[in-house]
Amino acid sequence: MNNKLPLLGCLALLVMGLFVAGIGGCTSYNGLVGKSEAVDKQWGQVEAAYQRRADLIPNLVKTLEAQATFEKSTLTEIANARSSINQIRLAPGQVPDEAMMAQFEKAQAQMSGALGRMMAISENYPQLKANEGFRSLSDELAGTENRINMERLRFNDAAQVYNTSVKRFPASIVAGIGGFHPNAYFNSAAGSEKAPEVQFNLGQPKRAEAQ
Amino acid sequence: MLINPHSFPPHLRPILAVLLACLACLSAALAEPLPPKPDGYLYDPAHWLDPATADSISRQLETNERASSNQILVALIPALPENTALEDFCFRTFQFWAPGQKGKDNGAVLFIFQKDRRARIEVGYGLEPVLPDGLAGSIIREKIAPALKENDPAGAVRAGVSAIIQATRSEYKGTGQTNADNFLQRHPALTAALVGILLLMLAIWSHTGDTVYQRAGRFVFYNIFDLFRLILFALLSGASGGKFKGGGGRSGGGGASGSW
C-alpha cells in the first residue's frame, strides 16, 4: 500500500503534465491557425490591389492609343509586362512560396516601371492632360499604386507576426506537427524603391509655373 | 519582476543595461511624428481657419456623422515632416486616427499641407465605391486647389467638405448619434427615466409632514436626491458638441493627392 503511493503521485503528475501540454498545444495551434488566416486574408487584399491595377490597364491603353502621336514603345512595354504577369500561375487563395513570390514581384515591378514611364511621358501631351477621362484614370492608377504599397506593407506585417510564432519555441513544435510553414515576404526594399518613381501629378501645374 | 535588475546575477547586469539601452533607442527611432488624435472633426493646430469657419465646418461634419455614420475629418497640417512621403504620412495618420465605424470603414480625411502646397483625400475602404480616386482627384483639382491658389483656405475646406459629404452621404445610414456622444446621449429613454425619478423624489419628499421621523427622512432623501442630481449632471456635462471619436475604420491607401 505504502509503496504504491509515490507511483500514483508520479502518474497523477504525468497526467497533469500531459493535460497542461495538451491545452498549451491546442492554444498555440489555434493561435497559428488564426495568424495563418490573417496572412491569407491579407494576401487576398494584395492580389485584389494588383488585380485592380490590371483592370485599369485596358482603358488606359485605349485612351493612349487614341493619341496618334503617343510613343508606341511604352505601350509595347506595358503589353510585355502584362503577358509576363499573365504567365505566372498562382494557386488561388494561397500565399505563394518564396520562388513564386520573387517571380510575381519581378513581373509586377516591371509593370510598375512601365506604367511609371508611361505616365511621365504623358506629361508632355497637353491634350491628354486636358482629357477628364484620362485624368480620372490616372488618379485611379496613382491610388491603386498606393493601395498596392499599403497592402504589401500590411501583408509583410501579418506574415511577420505569423512567421515569428511558427519559429518560436515551443509553438514551433506544434507548427512542425501541424504542418505550418513560414511565409515568404515581399521584398519591401525593392517595392519602396519603385514606389516614388511613379509620380503622378497630372493636371496640376508644376509649382514653378504656379508661382 | 523580469526587468528588476536585482533579480539578475551581478555579472549579467551590464548586458541587461546594454539591451535596455538598445530597446530605448529602437523605440525612439520608431516613434513617428504623427499628429495626435484630434478631439474634434477639424484638426487645425495652427489656426489657419478663422474661428467662425472652423466652427461651422466642425458642426457640418458632426451633423454628417449623425446623419450617415460616416466620419469625415479635415486635417490642416502646417508642414509635412521631413523625409516623409505624403501618401505614407496620410496613410499612417489615418490608421492612427481611425475614422469610420469598425466594420464599415466609412471614414475619410481631407489633408492639406500648408507649407508644402499639397493636399490629399484619404478614403477608407467603405467609402471607396462612392468616393473613387478619380472623384477624389477632381475634388482636389476643381474645388480645393483653385481656392487655395486664391489664398482662401476657408473656401477650399468648405468646398472640399461639401463635395465629399455630397458624394458619400447616401452610402450608409446614420443613427442620429456620434461615437463621441456620452452614455446619456446614447440612451435618451434612460435619461428621461432618471430625470423623472428625480422629479418624483422631489415631489414626494417636499410634501411629507413635520414629525421628527419625517424630517429625518426628508434630510436623508434630500441628500440622496443631491447625490443623484450630481451624478446626472456629471453624466450630462461633457456632452459631445463637436467632439470626435474614431470608430476604428481602416483605409487601404485609397484616395488622391494633388498640389496647388
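Residues numbered from 1 in each chain as written. Chains lettered and ligands numbered in written order. Predicted model: local features only at pLDDT ≥ 70, side-chain atom pairs only at ≥ 80, totals over all residues.

Attention now goes to the overall build of chain A. Across its full length, chain A carries eight helices and zero strands. Ordered by position from the N terminus, the helices and strands of chain A form the series α-α-α-α-α-α-α-α. Looking at the 211 residues of chain A, the share that counts as buried comes to 33%. Taking as baseline every contact in chain A between residues at least 6 positions apart, the subset at least 24 positions apart corresponds to 81%. (Helix = DSSP H or I, 4+ residues; strand = E, 2+ residues; numbered from the N terminus. Buried ≥ 20, exposed ≤ 12 C-beta atoms within 10 Å, placed from the backbone. Contact = placed C-beta atoms within 7 Å.)

Every contact between the two is made by 21 residues of chain B and, on the other side, 18 residues of chain A. Contributions of two or more residues to the side of chain B that touches chain A are made by α3 (86–97), α4 (133–149) and β5 (251–259) of chain B. A per-element tally of the side of chain B that touches chain A places α4(B) first, with eight residues. Here the residues of the side of chain B that touches chain A sort into seven nonpolar, nine polar and five charged. (Nonpolar A, V, L, I, M, F, W, Y, C, P; charged D, E, K, R; others polar.)

Residues and elements named next belong to chain B. In this model, Asn83 sits at a positive phi of 55°, which is unusual for a non-glycine residue. The topology assignment puts Asn83 in the loop between β2 (71–77) and α3. Positioned with a positive phi, Arg117 is a non-glycine residue whose angle comes to about 55°. With respect to the helices, strands and loops of the structure, Arg117 is situated in the loop between β3 (107–113) and β4 (118–124).

The subject of this paragraph is the packing of α4(B) against helix α5 (residues 153–168) of chain B. Residues and elements named next belong to chain B. Close contact between α4 and α5 brings their axes to 7 Å; oriented N to C, the two are set at 160°. In terms of orientation, α4 and α5 fall into the roughly antiparallel class. With respect to the hand of their crossing, α4 and α5 are arranged in right-handed fashion. Residues Leu135, Ile139, Lys143, Ile144, Ala147 and Leu148 of α4 lie in contact with α5, whose contacting residues are Pro153, Gly155, Ala156, Ala159, Gly160, Ala163, Ile164 and Ala167. Its residues assigned to classes, the contact of α4 with α5 comprises 11 nonpolar, two polar and one charged. (Axes fitted to C-alpha atoms, helices over the stretch in contact; angles between N-to-C directions. Parallel < 35°, antiparallel > 145°, perpendicular 65-115°, else oblique. Left-handed = near helix turned anticlockwise from the far one by under 90°.)

Moving on to the environment of B:Gly137. Relative to the elements of secondary structure, B:Gly137 occurs in helix α4. In sequence terms B:Gly137 and B:Ser257 are 120 residues apart; their C-alpha atoms lie 6.5 Å from each other. In this view, B:Gly137 contacts A:Arg135, A:Ser136, A:Asp139, B:Ala256 and B:Gly258; residues no more than four positions away in its chain are not counted.

Predicted coordinates in regions of low pLDDT should not be interpreted in detail. Residue and element names in this part refer to chain B. Counting all residues, the mean pLDDT for chain B is 84, and 85% of those residues have values of 70 or more. Confidence, expressed as mean pLDDT per element, reaches its minimum in chain B at helix α1 (residues 13–30) with 53 and its maximum at β3 with 96. Counting interchain partners and residues more than four positions distant, the pLDDT-below-50 stretch residues 25–29 has zero contacts. Overall fold confidence for the complex sits at a pTM of 0.74, while the interface term, ipTM, reaches 0.71. (pLDDT = per-residue confidence, 0-100.)

Residue and element names in this part refer to chain B. Along β3, seven of the seven residues are buried, which leaves the element largely enclosed by surrounding structure. Strand direction decides the pairing type here: β2 and β3, joined by seven bridges, are parallel. Within β3, the position partnered with Gln71 by the bridge is Gly107. After leaving β2, the chain enters α3 and then returns to the sheet as β3, a path that is right-handed. Sheet topology note: the β3/β4 ladder contains six bridges and is antiparallel. (Pairing = 2+ DSSP bridges. Right-handed = clockwise from strand over helix to strand, strands pointing away.)

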